[in-house]
Structures are given as structure tokens and as C-alpha cells.
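# Descriptive analysis of the structure
Given next are the chains, with one letter for each unit.
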Amino acid sequence: MDKIREDFPALNQLIHGLPLVYLDNAATTQKPLAVIEAIDGYYRNDNSNVHRGVHTLSQRATDAYEGARATIAEYIGAKSTSEVIFTRGTTDSINLVAASFGGTYLKAGDEVLVSEMEHHSNIVPWQLICNRVGATVRTIPVTDAGELDYPAFKASLSTKTKLVALTHVSNALGTINPVKDIITEAHAMGIPVLLDGAQAVPHGRVDVAELDVDFYCFSSHKLFGPTGFGVLYGKREFLEVMPPYQGGGDMIDVVDFAGTTFNDLPYKFEAGTPHIAGAIGMAAAIKYVNSIGFGFIQNQEAGLLHYATQQLTAIDGLRIIGEAKDKASVISFLIGSAHPYDVGTILDKFGIAVRTGHHCTQPLMKRFGIPGTVRASFTFYNTRAEIDRLEIAIRKAAAMLL
Ligand code: PLP
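Thresholds applied
- Position numbers for residues count from 1 along each chain, tracking the sequence in the order it is written.
- pLDDT decides what is reported in this predicted model: residues at 70 or higher carry local features, side-chain atom pairs at 80 or more are listed and counted, and totals for whole chains, interfaces and linings draw on all residues regardless.
- Only heavy atoms go into the side-chain values, all of them from the structure, while hydrogens and water stay out.
- Only a single heavy atom is needed: when it lies within 4 Å of a molecule or strand, its residue is near that molecule or strand.
- Polar contacts, as counted here, are pairs of nitrogen or oxygen atoms within 3.5 Å of one another; within protein the pair requires one atom able to donate a hydrogen and one able to accept it, and residues that are adjacent in sequence qualify only if both atoms are side-chain atoms.
- The accessible surface values rely on the Shrake-Rupley method and a 1.4 Å probe; as for residues, cover is taken only from the protein chains in view.
- In this description, a nonpolar core means a group of buried Ala, Val, Leu, Ile, Met, Phe, Trp, Tyr and Cys residues linked to one another through side-chain atoms lying within 4.5 Å.
- Each residue gets one of three labels from its accessible area relative to the maximum for its type: buried under 20%, exposed over 50%, partly exposed in between, using a 1.4 Å probe on protein chains only.
- Counting from the N terminus, the helices are DSSP H or I runs at least four residues long and the strands are E runs at least two residues long.
- Start and end points for every domain follow an automatic or database-based domain assignment.
- Note on contacts: a residue pair is in contact if any heavy atoms of the two residues lie within 4.5 Å.
- By definition here, a salt bridge exists when the distance from a side-chain nitrogen of Lys or Arg to a carboxyl oxygen of Asp or Glu is within 4 Å.
- A pair of strands is labelled paired if DSSP reports no fewer than 2 bridges between them.
- Axis definition: a line fitted to C-alpha atoms, over the contacting stretch in the case of helices. Angles run 0 to 180 degrees between N-to-C directions.
- Multiply 1.5 Å by the residue count of a helix minus one, and that product is the helix's expected span.
- Simply put, the buried area is the total loss of 1.4 Å probe accessible area from both parts when two parts are fitted together.
- Throughout, the protein atoms alone are placed on a 1 Å grid, and a set of points is a cavity if a 1.4 Å probe fits but cannot get out or a pocket if it is open with protein on both sides within 12 Å along at least five of seven lines; lining residues have an atom within 4 Å of a point.
- Grid points are joined across faces, edges and corners, and a volume is the space filled by probe spheres set on the points.
- In this classification, Asp, Glu, Lys and Arg are treated as charged, Ala, Val, Leu, Ile, Met, Phe, Trp, Tyr, Cys and Pro as nonpolar, and every other residue, Gly included, as polar.

So, on to the site of the ligand. Surrounding the ligand, one finds T90, T91, H119, S121, T167, N171, D196, A198, Q199, S219, H221 and K222. One of the side-chain nitrogen or oxygen atoms of T91 is found 2.5 Å away from an oxygen atom of the ligand. A distance of 2.6 Å is found between an oxygen atom of the ligand and a side-chain nitrogen or oxygen belonging to K222. Taken by itself the ligand offers 390 Å² of open surface, and the protein chains cover 84% of this.

On to the nonpolar core. By size, the foremost hydrophobic cluster in this structure holds 73 residues, and its most contacted members are I72, V164, L195, Y216 and F380. Counting residues per element, this core draws most heavily on helix 10 (residues 276–292), which supplies 12 residues. Residue-level mapping places this core at the junction of two domains, with at least three residues from each of domain 1 (2–24 + 293–401) and domain 2 (35–290). Every residue in contact with Y216, bar those within four places of it in the chain, is listed here: H168, L195, G197, A200, V201, V206, V208, L211, V231, L232 and Y233. Counting residues in hydrophobic clusters, the runner-up holds 26 residues, among them V21, Y307, F333 and L347.

Let us look at the pattern of salt bridges. Enumeration according to the criterion identifies 19 salt bridges in this entry. For R5, the salt bridge is made with E386, and the minimal N-O distance between the two is 3.1 Å. Of this pair, R5 sits in helix 1 (residues 2–6) while E386 sits in helix 14 (residues 384–401); the two residues are 381 residues apart in sequence, bridging distant segments of the chain. The buried category is assigned to E386, whose relative accessible area is 6%.

On to the sheet that holds strand 16 (residues 355–357). What the four strands build is an open sheet, ordered 13-14-17-16; its pairing is antiparallel. Every other strand in the sheet has two partners, leaving strand 13 (318–321) and strand 16 as the edge strands with one partner each. Sheet twist, expressed as the average angle between the axes of neighbouring strands with direction ignored, equals 30°. Where strand 14 (residues 330–335) and strand 17 (residues 373–377) come together, four bridges link them in antiparallel fashion. When the sheet's bridge partners are listed, F333 is paired in strand 17 with V374. Its contacts with the sheet place helix 11 (residues 294–313) against strand 13 and strand 14, and it is angled at close to 5° to strand 14.

In space, the seven strands of this open sheet follow the order 4-10-9-8-7-5-6, with mixed pairing throughout. In this open sheet, the two strands that pair with only one neighbour each are strand 4 (84–87) and strand 6 (136–140). With direction set aside, neighbouring strand axes in the sheet form an average angle of 20°. In the sheet, strand 8 (residues 193–196) pairs with strand 9 (residues 215–219) via three bridges, with the strands oriented parallel. Directly across from L194, in strand 9, lies its bridge partner F215. Strands strand 4, strand 9 and strand 10 (230–234) of the sheet are contacted by helix 3 (residues 56–76), whose axis makes an angle of about 115° with strand 4.

Here we take up the environment of I370. Along the chain, I370 turns up in the loop between helix 13 (362–368) and strand 17. What makes I370 buried here is its relative accessible area of 9%. Each residue touching I370, except ones within four places of it in the same chain, is listed here: R319, I321, L334 and M365.

The periodicity of an α-helix, 3.6 residues per turn, causes residues three or four positions apart to be oriented the same way. Between its first and last C-alpha atoms helix 4 (residues 90–105) spans 21 Å; for 16 residues at 1.5 Å apiece the expected length is 22 Å, and the two agree. Listing the buried residues of helix 4 in full gives T90, D92, S93, I94, L96, V97, A98, S100, F101 and G102.

All right, on to unusual backbone geometry then. The omega torsion across L265 and P266 is 0°, close enough to zero to call that bond cis. Its identity as a non-glycine residue notwithstanding, H16 has a phi of 50°, on the positive side. Looking at the secondary structure, you find H16 in the loop between strand 1 (14–15) and strand 2 (18–19). With a relative accessible area of 49%, H16 lands in the partly exposed category. In this model, H359 sits at a positive phi of 55°, which is unusual for a non-glycine residue. The topology assignment puts H359 in the loop between strand 16 and helix 13.

To continue, consider the domain arrangement of the chain. Where the parts come together, the accessible area they lose is often given as the size of the interface. Domains assigned within the chain are domain 1 (2–24 + 293–401) and domain 2 (35–290). Just the C-alpha atoms count here: the centres of domain 1 and domain 2 sit 28 Å apart. At the junction of the two partners, domain 1 supplies 35 residues and domain 2 supplies 30 residues. Taking both partners together, domain 1 and domain 2 bury about 2,600 Å²; carbon and sulfur atoms supply 58% of that area.

Take empty space enclosed by the protein next. For the structure shown, the criterion picks out one cavity of 30 Å³ or more. Volume-wise, the largest cavity comes out at about 70 Å³. In terms of lining residues, the largest cavity is bounded by 13 residues, among which N25, A26, Q199, P202 and H203 are the most central. Split by residue class, the lining of the largest cavity holds five nonpolar, six polar and two charged.

Here you go:
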């Protein structure tokens, strides 16, 4: 563990005089040296624009950029790199599908099915397009335990449903949705499925071919890579018939005032100079994760989740929001009537970083009748000793606030 923690320089610092306890991994993860050095190396040695250059630096940059696409495609089990579109992140990926797929195929009276536990990124893009075309965003309720109401999901599918857009893992509750069953159910009625995988890819192996998912969206920065970069995986059969999302350089074949033709996949959806260092950094993050291995990561996270749940539930007045049977290493909680913001501020004084508020899931907070939660999210570099510090600090915060 010491060796792993040394890979993450940001973990090694004092906050208000105390060693940092970083438990805000669901918001963004810290970056290992392998990622920092890959980005540094690119800017120091290979910085150049990609694709159209004949000179050596441009070819090096292009090789690294397209090599990153191959690494990412392999990581998610995509059949081809042409199904891996580079975006600015999960939000951008969902907006791409909403604008391009939704803008083309959604008509008045149609429905897009989302759940009550969606991040705003998987709600608002659908509202925007549905409002424009006269379609409806329909919601699947969430149970008191924070699980998807599966019978309600099944009952919501109809001939009006044109897409199911669901989170794979909830950022606010940690719930892991039964996505394989959901996809099978939707496909049986000919309905495509988009999964928001922002919180899933850091915790386990995702195989898009095995899932048979139609669109899969995720961000690099939650997977130990740089911010502002992410991926849309899409099945070729959909991507081929979808119109471009944005126009500009790189996404074209021939431009003429009489009419423009578009580039092949995936470039048709990648207008403008891309985030080259982002792709290189994300590929380095994936190689790092592979070197640690999901066997270790999942074992470590399950142990931390179990221990933290046990320690925190022993605190008087502490209530955990989200008690799904299948859960990622996220604990959302409230202590008595204390406002999450006040709790988070006190925890920071003890060197502990957690997230407070609605976690970009306002409809979910409304569902539970709460203003927000305090969220501690763990990853493989966290330790039981850190959870002990969290528990002590929460007890102190409760003594001060209640
Ligand atoms: N979806 C989920 C489940 C998330 O947790 C997040 C980020 O918190 C997003 C989408 C948005 O990701 P990004 O801001 O990287 O686009």
C-alpha cells in the first residue's frame, strides 16, 4: 500500500497541518506519476498537432494519440477503434448522443427513459432535445434502499420508448444497476440503451461487447486520468447513421460551398484540434490501472466499503442514504439535522476531503426529501486508518453541530 500511495504525489501533503485523507474520489481521482509523466513527456518532447502533419513530431503525436484510442478500445472491449469517439467527458458524450441520435430519431410523442438516480448530465441533455422535438423524458423510480425499481422499469418500456439512458453506477448512492438485465429487457423490445459509465469504469472491468450496450459514456478524470477528456463508445450501426455533432476541422472529407462530405468514424464526431494530452494521459491511466489489476482494486474497495459502513453506522444519529445490495465504494450520509455543508467544512479542518451537497442529482435528493448528503468515496489507495480518521472527525463534527 505504501508503494501504491507513493505513486500519487498529491496524497502526500498536509491540510491544515494534518495528513490529507482524500475521500472525494467519485468527484475526481488523484493522478499517478505515470499519468503526470506521460502528459509532461508529450508536451516536452512530442507536442504537435495530430493527423495532417508529415513532420516527425506530428507523426509521433498522432501515433501516441491513436495508440491511446487502441488502449481505450481494448480496455472496454470495443470491437474496433472506430467505435471509440473522443469527447470532453461523460457530459459531452451524452450531449453528443442526445443532439445527434436524439435530434434525428426522436419525434413528438416518443419517450426517453431515465431513472431518478441520474446525474444531471444524463437528464438535462434529454430534456433539451425532448423539449425541442415534443418528446418526453420519463423516469423510473428508485426504492427507499436506493435501488432501481425494476418492476417499474419493466412497466415503463413501451412502443413509445426510443432510448433507455441509465447510469451504470450511481455517483450519489453507489448503487450498481443490473445493466445486463436492463439491456436484455430493452433489446427484447428493440430499444437501444445508453449507459452513463462515469462511476463504473474506475471500479471494475466493463466489456461493452459482452454487455451488448449501444452507447457507453465515461470520463478520464474519474479513472486516474486528466480532466476534460472522455469517451463515447457507440455501436457502429448507430454511429454510421447518426449525423455529425459539431462541424469543423478533422471531421470532414471534402468541404465545398456546394456541400460538405464527412470523415469516416470516429473522426466524423471529432471536430477541431483534440485534447491530445488528454488521450495520452488517459491511456497511461488505463495502463496503470491494468498494472494494479481489478482483482486487487475490487478486493480493496469492498473491504473499505464494508469497514466504513460498519464504523459509520455505529455513530449515533448517522444515517446512510443508499443501501443497495450491490454497491460501489461510496457512502452518502447525514448526521442528525446537521447540514452536509457544515459537516464537510469541519471534516476539511481535520484534513479530510469529502463532497457535500446534491452531487448533481437534485431529483434524487428530492426523492429522499433531503437537501444533500456528505459523500465519502473510496478507491484502492485509501486505507482503514483513513476511515478511522473519518469516523473520529465525524464524531467531533456531530458533537459541535448537534
Ligand atoms: N455521470 C455521473 C454518474 C457522474 O458521477 C458524473 C460526474 O460526477 C458525470 C456523469 C459527469 O461527468 P463529467 O463532469 O466528467 O462530464
